Amino acid sequence: MSTLSLYVHIPFCISKCGYCDFNSYAMNGPIVSETVDAILAEIRLSGYPKGTAQSIFFGGGTPTFLDSASLQRILNSLRDRFPLAPEAEITVEANPGTADMQRFMDLRSAGFNRISIGVQSFDDGLLHRLERRHSAAEAARAVGIAREAGFENINLDLMFGIPGQTETDWEKSLQSALSLQPEHISLYSLTIEPKTRFGHLQRIGQLPLPNEEAVLTMYERAIEAARQAGFGHYEVSNFAKPGYQCRHNINYWRNGPYAAYGPGAVSCLWEDAAGARYRRWTNELSPRKYCQKMESDETLAVEEETVSGMTALGESMMVGLRMMEGVSLSSLYQRYKIDMALVYEREIAKLIERGLIGFTGDRIVLTHRGLLFANDVVLEFIALPEGNKFTVNPQN
Ligand code: SF4
């Protein structure tokens, strides 16, 4: 049985951070409430999919840019539209700059039971460098407010590899985050996207990024510190106290189905019971065009594809390998009717030889060294092996 996750994209932020490549806009005024109305209409009118939702995630942008009443209306409309699993995980992302006791209490009583706070750093100089609009003190205060408002499942996002960041700076941020005793931490290395302001600064040689060796050291140190603090390392960048792994994201990493609403939201729904074939589409990105299309009953999708066979298998490998549990070859066979070990025989042998992956039972897992180069490892499974002679029939 597949599980269904729901996602809502709130595309607004107070300002645009220099490194940000998300579908987010520093907009305000009537467009904000128009977008909320359009999202409500999209949820109400979409005839797909059926199923019980096991998780809901409000991301962005900055969902808490909206007032709590609007977030509650959207959550209620999802509840009207979908049966929710008992104990469903319902996450809202929050920016420390928007933390406010009443707001967080309202969100908690609306039904959000998990909050993900975008801290990024506990160093004011580095926050300034990232063009974040909050201070380290505000981030710590946001965690305290979330706790007092009744959130028992708090995630903190932290970033390393920031321009000008030293290993000592990283250690301090890491320890500050751990001292706040969140249930979950996401520790990401900054990636520079070409179309961002940071991308431009990098091209003109004005972005003093730490070198690759320093970034790897920061990552290794993060793994060690999180483990020492009692967190389980369950995905390349994610760590959780026992019982607090993010179920919503696990569904993505298991290549499960999800329905998503809002500008730029990406949905992926299965077209057969096993999930060997699925349809994926992206909504109109611009909030204005999204609202106009919703108003005039035009299709919202700007990109759409049906994925099956070797491409789908490669995608399952690519996302699944990010999890420490790895990817089970027998589960992949059940889903795609393809013998993964045969199809990727050469790639697997090469990665084992380089010490990047290994086997635990019938599962392919990343080794410690593989974790450090996870992005390179997963790419091996995206392209079809040359001369591949295997075909897939999902009806088999
Ligand atoms: S707050 Fe987050 S989504 Fe908004 S601009 Fe900054 S990085 Fe992007």
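Above this text you will find the structure in question.
Reading guide: rules and limits
- Residues numbered from 1 in each chain as written.
- Predicted model: local features only at pLDDT ≥ 70, side-chain atom pairs only at ≥ 80, totals over all residues.
- Heavy atoms only, no water.
- Helix = DSSP H or I, 4+ residues; strand = E, 2+ residues; numbered from the N terminus.
- Rg over C-alpha atoms; globule rule 2.2 N^0.38 Å.
- Contact = heavy atoms within 4.5 Å.
- Areas by Shrake-Rupley, 256 points an atom, 1.4 Å probe, with all protein chains shown as cover.
- Phe/Tyr/Trp six-rings, centres within 6.5 Å; stacked < 30°, edge-to-face > 60°.
- Buried < 20%, exposed > 50% of the residue type's maximum accessible area, 1.4 Å probe, protein only.
- Expected span 1.5 Å × (residues − 1).
- Arc of directions from axis to C-beta.
- Core = buried A, V, L, I, M, F, W, Y, C linked by side-chain atoms within 4.5 Å.
- Pairing = 2+ DSSP bridges.
- Right-handed = clockwise from strand over helix to strand, strands pointing away.
- Salt bridge = Lys/Arg side-chain N within 4 Å of Asp/Glu carboxyl O.

*Asks:* Sorry, what's going on with the overall build of the protein here?
*Replies:* On a plain count of helices and strands, the protein comes out with 16 helices and 15 strands. Relative to the 2.2 N^0.38 estimate, which gives 21 Å for 396 residues, the radius of gyration of the protein is 21 Å and therefore close to what a compact globule would have. Structurally, the protein occupies a C-alpha span of about 60 × 55 × 45 Å along its principal axes. For the protein, the proportion of contacts with a sequence separation of at least 24, taken over those separated by at least 6, is 70%. Accessible surface, the protein as shown: approximately 17800 Å² in total, 50% of it carbon and sulfur.

*Asks:* Hey, could you run me through the packing of aromatic side chains in this one?
*Replies:* Geometrically, a pair of aromatic rings is defined through the distance of the ring centres and the angle of the planes. One pass over the full model with this rule turns up ten aromatic pairs. Centre to centre, the rings of Phe58 and Phe112 are 5.0 Å apart; their planes meet at 90 degrees, and the pair counts as edge-to-face. In this pair, Phe58 is assigned in strand E2 (residues 53-60) and Phe112 in the loop between helix H3 (101-110) and strand E4 (114-120), connecting sequence segments 54 residues apart. Summarising the burial analysis for this pair, Phe58 and Phe112 share the class buried. The interplanar angle of 70 degrees and the centroid separation of 5.2 Å between the aromatic rings of Tyr344 and Phe381 together place this pair among those described as edge-to-face.

*Asks:* Help me understand helix H11 (residues 309-320), please; the structure alone is not making it clear to me.
*Replies:* Given 3.6 residues to a turn, an α-helix orients residues that are three or four positions apart in the same direction. For H11, with twelve residues, the first-to-last C-alpha span of 16 Å sits near the 16 Å given by 1.5 Å per residue. Among the twelve residues of H11, nine are classified as buried, and the element is accordingly described as predominantly covered. Residues Gly309, Met310, Ala312, Leu313, Gly314, Glu315, Ser316, Met317 and Gly320 constitute the buried set of H11.

*Asks:* Would you explain helix H12 (residues 329-336) in this entry?
*Replies:* Listing the buried residues of H12 in full gives Leu329, Leu332, Arg335 and Tyr336. Taken down its axis, H12 places every buried residue within 125 degrees of arc, on the same side. Two residues or fewer after H12 comes Lys337, characterised by a positive phi angle close to 55 degrees.

*Asks:* Explanation requested: the nonpolar core in the structure shown.
*Replies:* Nonpolar side chains in soluble globular proteins generally cluster together in the buried interior. Counting residues in each nonpolar core, the largest one holds 102 residues, and the members touching the most others are Phe58, Ile74, Phe104 and Phe112. With near-sequence residues (within four places) excluded, Phe58 lies in contact with Val8, Pro63, Leu71, Ile74, Leu75, Leu78, Thr91, Val92, Glu93 and Phe112. Counting eleven residues, the second largest nonpolar core, distinct from the first, contains Met159, Ile162, Leu190 and Phe198.

*Asks:* Would you mind going over the environment of Ala312 with me for this structure?
*Replies:* Along the chain, Ala312 falls in helix H11. Expressed as a C-alpha distance, the spacing of Ala312 and Arg335, which sit 23 residues apart in the sequence, is 10.0 Å. Discounting chain neighbours no more than four positions away, the residues touching Ala312 are Asn255, Ala276, Tyr278, Val307 and Tyr336.

*Asks:* Got a minute to help me understand the environment of Gly361 in this structure?
*Replies:* Within the secondary structure, Gly361 sits in the loop between strand E14 (357-360) and strand E15 (363-366). Using a relative accessible area of 70% as the deciding quantity, one classes Gly361 as exposed. C-alpha separation for the pair Gly361 and Leu329, spaced 32 residues apart in sequence, amounts to 9.5 Å.

*Asks:* Got a minute to help me understand unusual backbone geometry in this structure?
*Replies:* Outside of glycine, negative phi angles account for most residues, and trans bonds account for most peptide bonds. The residue after Gly60, namely Gly61, is reached through a cis peptide bond having omega 25 degrees. Take Gly61: it is sitting in the loop between E2 and helix H2 (68-81). Even without a glycine there, the phi angle at Glu87 is positive, about 65 degrees. Locating Glu87 in the fold gives a position in strand E3 (residues 84-94). Residue class for Glu87 comes out exposed when judged on its relative accessible area of 67%. Phi at Lys337 takes a positive value of approximately 55 degrees, unusual for a residue other than glycine. Turning to its location among the elements, Lys337 is positioned in the loop between H12 and helix H13 (340-343).

*Asks:* I tried to follow the pairing of strand E5 (residues 154-160) on my own but got confused; where do I start?
*Replies:* Strand residues, when the strand is regular, have side chains that alternate between the two faces of the sheet. With seven of seven residues buried, E5 lies mostly within the body of the structure. Here E5 shows two buried faces, one formed by Ile154, Leu156, Leu158 and Phe160 and the other by Asn155, Asp157 and Met159. As paired elements, E4 and E5 share five bridges and run parallel to each other. Residue pairing across strands places Ser116 opposite Asn155, the latter belonging to E5. Strand direction decides the pairing type here: E5 and strand E6 (residues 184-189), joined by six bridges, are parallel. Across the sheet, Asn155 pairs through a bridge with His184, a residue of E6. The handedness of the E5 to E6 crossover, carried by helix H6 (residues 167-179), is right-handed.

*Asks:* Just checking my understanding: could you explain the pattern of salt bridges for this structure?
*Replies:* Pairing is possible between side chains of opposite charge, provided their charged atoms come close. Scanning all chains against the criterion turns up 14 salt bridges. As a salt-bridge pair, Arg147 and Glu183 come within 3.0 Å of each other at their nearest N and O atoms. Taken together, the residues Arg147 in helix H5 (residues 136-148) and Glu183 in the loop between H6 and E6 connect sequence positions 36 residues apart. By relative accessible area, which is 30% here, Arg147 ends up partly exposed. Sharing partners across several salt bridges, the network here consists of Glu271, Arg277, Arg279 and Glu304.

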